[in-house]
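Architecture at a glance
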Amino acid sequence: MTNREIENKKNELIRIVNMSSGTENQRMKELRKLALDVGASHKTVDGNRNANEAELVVGIQTALQTALMLNSCKSSTMAWIIAIISVGIALISTLVSGLSAVAAWVAVFVNE
């Protein structure tokens, strides 16, 4: 999930939780659907019964936080790879400039 999708799911969760109390069945149905969409369980830990509203909300929030953390880790890994490549290019550049300096010294001594 992208950060934008995660934000949209958070907004959807807020919308569902703020539904009027008269639509409890509809709210539970939408919470279960959202739980399945984000990868949260709609069953209790023991698996014997369906989760209640609070358990669903906590599960959905945890799944969204986990997805956000995964995205942060991916971004961090990409930044690290770019940094390593940049260091490699800088080392090559330093080596080339060092060799150019040596070549210039050799040219000076050869022409004398």
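Here is a short report on the structure shown in this document. (Residues numbered from 1 in each chain as written. Predicted model: local features only at pLDDT ≥ 70, side-chain atom pairs only at ≥ 80, totals over all residues. Heavy atoms only, no water.)

So, on to the environment of L64. Tracing the backbone through its elements, the reader meets L64 in helix α3 (residues 53-111). Judged by relative accessible area, which is 2%, L64 ranks as buried. With 41 residues separating them in the primary sequence, L64 and W105 have C-alpha atoms 62 Å apart. (Helix = DSSP H or I, 4+ residues; strand = E, 2+ residues; numbered from the N terminus. Buried < 20%, exposed > 50% of the residue type's maximum accessible area, 1.4 Å probe, protein only.)

To continue, consider the pattern of salt bridges. In this structure the tally under the stated criterion is four salt bridges. With a closest N to O distance of 3.2 Å, E53 and R27 form a salt bridge. Of the two residues, E53 is situated in helix α3 and R27 in helix α2 (residues 24-38); the sequence distance between them amounts to 26 residues. We classify R27 as buried; its relative accessible area is 7%. Between D37 and K33 there is a salt bridge, and its shortest N-O distance comes to 3.2 Å. In this pair, D37 and K33 are both assigned in helix α2, four residues apart and thus about one turn of the helix distant. It is possible to trace a salt-bridge network through shared partners that takes in K9, K33 and D37. (Salt bridge = Lys/Arg side-chain N within 4 Å of Asp/Glu carboxyl O.)

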